[in-house]
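Tertiary structure, described
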Amino acid sequence: MTEKPAEKTALSITALLGVLAALLFLTGLSIALAHFYTGPLRVAAALSIAAVKTGLVLIFFMHLRQAGKAVALSFLATVVTLAVFIGLTFADTLYR
Amino acid sequence: MHANTDNEGSRLGMWLFLYTEIMLFGGLFVLYAVYYNRYPGEFSAAGRELELAKGALNTGLLLLSSFTAAASIETLRKGAKRAALGLLGSTVLLGLVFLFNKYLEWSHKFAHDIFPGSDTLLKGPKGETVFYGLYFTLTGLHALHVFLGCAVLSACWVLVLKGRVTGERMNLLENTGLYWHLVDIVWIFLFPLFYLIL
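Reading the values: the criteria
Residues numbered from 1 in each chain as written. Chains lettered and ligands numbered in written order. Predicted model: local features only at pLDDT ≥ 70, side-chain atom pairs only at ≥ 80, totals over all residues. Heavy atoms only, no water. Helix = DSSP H or I, 4+ residues; strand = E, 2+ residues; numbered from the N terminus. Contact = heavy atoms within 4.5 Å. Areas by Shrake-Rupley, 256 points an atom, 1.4 Å probe, with all protein chains shown as cover. Lys, Arg positive; Asp, Glu negative; His and termini not counted. Charge placed at Lys NZ, Arg CZ, Asp CG, Glu CD. Buried < 20%, exposed > 50% of the residue type's maximum accessible area, 1.4 Å probe, protein only. Polar contact = N/O pair within 3.5 Å; in protein donor to acceptor, adjacent residues only side chain to side chain. Core = buried A, V, L, I, M, F, W, Y, C linked by side-chain atoms within 4.5 Å. Domains from an automatic or database assignment. Buried area = accessible area lost by both parts, 1.4 Å probe. Salt bridge = Lys/Arg side-chain N within 4 Å of Asp/Glu carboxyl O. Nonpolar A, V, L, I, M, F, W, Y, C, P; charged D, E, K, R; others polar. Axes fitted to C-alpha atoms, helices over the stretch in contact; angles between N-to-C directions. Parallel < 35°, antiparallel > 145°, perpendicular 65-115°, else oblique. Left-handed = near helix turned anticlockwise from the far one by under 90°. Phe/Tyr/Trp six-rings, centres within 6.5 Å; stacked < 30°, edge-to-face > 60°.

The next subject is the overall build of chain A. A count of helices and strands for chain A gives 3 helices and 0 strands. When contacts within chain A are restricted to residue pairs at least 6 apart in sequence, those whose partners lie at least 24 apart make up 59%.

Dropping the structure here:
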């Protein structure tokens, strides 16, 4: 089987370093926020930052966007399944 | 080396495995969320006893190791074997330092009679027992993944050295990288859940 020659996954080391810097910055931001902010959006803020970091890892380190349709769709299906699972669980436990 | 390899098939297979991992940790995250909702006060009190500095350091180590893993793949793709080996070796090393920090953290807890089934936890408030149960289960399961990742990465290191994994044939290394990044993502969520939001 011949392989597709131009799988455009290659990223320069400089670009990867940039991603690392962004990840470390977001970690610092998250720690600072947890330290200084105690409002109602505390949990939401921490988890949103974690979600952005996850997005960076998925796109730039795991090349999710270049992985093909099968991976993209099945990944989406997994996330949706997990979201439904979380939603149904809380629909049960919050309103008992 | 001539062999019929199916890059896309092998990558899809790896992702399918990663989905099972996402559901495994996802299920445990839901458990955490439900119990946090039930015992918010006790979770907060127990969570503030964790060592933020060590958790933050470990976050940095894993992020850095994800970078070195990704960089080793890119350098090997360009044919720079020595650099790739150095980066891959650093990834394993960073993983091991992470595990060592985890060991120190757990030892401190054990020294204070905090471990599953200890007298202190059995006599203490129920929410605290649940919190530490989740803490040891989740960080333990994650540490097991880090350990296995280090083992497979080391195997990759040897195969790169022997020329069995090269820039033209690097499926195994790429899939191992995917696994390592997922382990990093799990920690990206574990860190705020245990060290930050409480």
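Turning to the overall build of chain B, a few remarks are in order. For chain B, the count of helices and strands is 7 helices and 0 strands. Helices (α) and strands (β) of chain B occur, in sequence order from the N terminus, as α-α-α-α-α-α-α. In terms of overall dimensions, chain B has C-alpha extents of about 65 × 30 × 25 Å along its principal axes. Sequence-distant contacts in chain B: of pairs separated by 6 or more residues, those separated by 24 or more amount to 84%. With the model as given, the accessible surface of chain B reaches about 8400 Å², and the carbon-plus-sulfur share is 67%. Distance between charge centres in chain B, computed from 15 positive and 14 negative side chains, equals 6 Å.

Turning our eyes to something else, we now look at the side chain of A:Ser74. Examined against the element boundaries, A:Ser74 turns out to sit in helix H3 (residues 69-93). For A:Ser74, a relative accessible area of 18% corresponds to the buried category. A polar contact of 3.1 Å, which involves the side chain of A:Ser74, links it to the backbone oxygen of A:Val71. If we skip the residues at most four places from it in the chain, A:Ser74 touches B:Leu12 and B:Tyr19.

Bringing the nonpolar core into the picture now. Judged by nonpolar contacts, the single largest core of 84 residues is most densely connected at A:Met62, B:Trp15, B:Tyr32, B:Phe43, B:Phe131, B:Tyr132 and B:Phe194. By residue number, the principal contributor to this core is helix H7 (residues 171-196) of chain B, which donates 16 residues. When residues of this core are assigned to domains, at least three map to each of domain 1 (11-62) and domain 2 (68-96) of chain A. Once you skip the residues sitting within four places of it in the chain, B:Trp15 turns out to touch A:Leu58, A:Met62, A:Leu64, A:Ala67, A:Val71, A:Phe75 and B:Leu178.

With that settled, consider the interface of chain B and chain A. Between chain B and chain A, the residue contacts involve 46 residues of the former and 47 residues of the latter. When the buried surface of chain B facing chain A is broken down by residue, B:Trp15, B:Tyr19 and B:Phe67 rank first, second and third, together holding 15% of it. Put simply, chain B and chain A have 0 salt bridges between them. Among the secondary structure elements, those contributing two or more residues to the side of chain B that touches chain A are helix H1 (7-38), helix H3 (52-77) and H7 of chain B. In terms of residue count, the dominant contributor to the side of chain B that touches chain A is H1(B) (16 residues). Of the residues that constitute the side of chain B that touches chain A, the class distribution is 28 nonpolar, 11 polar and 7 charged.

Attention now goes to unusual backbone geometry. With glycine set apart, most residues show a phi of negative sign, and most peptide bonds adopt trans. Of note in this structure, A:His63 is not a glycine but carries a positive phi near 50°. Along the chain, A:His63 falls in the loop between helix H2 (42-61) and H3.

With domains assigned, chain A is organised as domain 1 (11-62) and domain 2 (68-96). The distance between the C-alpha centroids of domain 1 of chain A and domain 2 of chain A comes to 22 Å.

For side chains of opposite charge, pairing can occur when their charged atoms come near one another. Summed over all chains, the structure comprises 5 salt bridges over all chains. One salt bridge in this structure joins A:Arg96 and A:Asp92, with 3.0 Å as the shortest N-O distance. Judged by relative accessible area, which is 38%, A:Asp92 ranks as partly exposed. Between B:Glu51 and B:Lys54 there is a salt bridge, with its nearest N and O atoms 2.7 Å apart. Among the residues examined, B:Lys54 registers a relative accessible area of 16% and is labelled buried. Within this structure, B:Glu74, B:Arg77 and B:Glu174 form a network of salt bridges that share partners.

Further remarks concern the packing of helix H6 (residues 126-161) of chain B against H7(B). Residues and elements named next belong to chain B. Where H6 contacts H7, the axes come no closer than 10 Å and their chain directions differ by 160°. Judged on the interaxial angle alone, H7 and H6 are roughly antiparallel. For the pair H6 and H7, the crossing hand works out as left-handed. Partitioned by chemical class, the residues of the contact of H6 with H7 number 21 nonpolar, 5 polar and no charged.

A word on the packing of aromatic side chains. Residues and elements named next belong to chain B. By the definition in use, this model includes 25 aromatic pairs over all chains. Measuring from centroid to centroid gives 5.2 Å for Tyr 32 and Phe 194, while their planes differ by 75°, and the two rings are edge-to-face. Of this pair, Tyr 32 sits in helix H1 while Phe 194 is found in helix H7, placing the two residues 162 residues apart along the sequence. In this structure, Tyr 32 and Phe 194 share a single accessibility class: buried. Ring-pair connections join several aromatic residues into one group, and the members of that group are Tyr 32, Tyr 36, Phe 43, Trp 106, Phe 110, Phe 115, Phe 131, Tyr 132, Tyr 135, Phe 136 and Phe 194.

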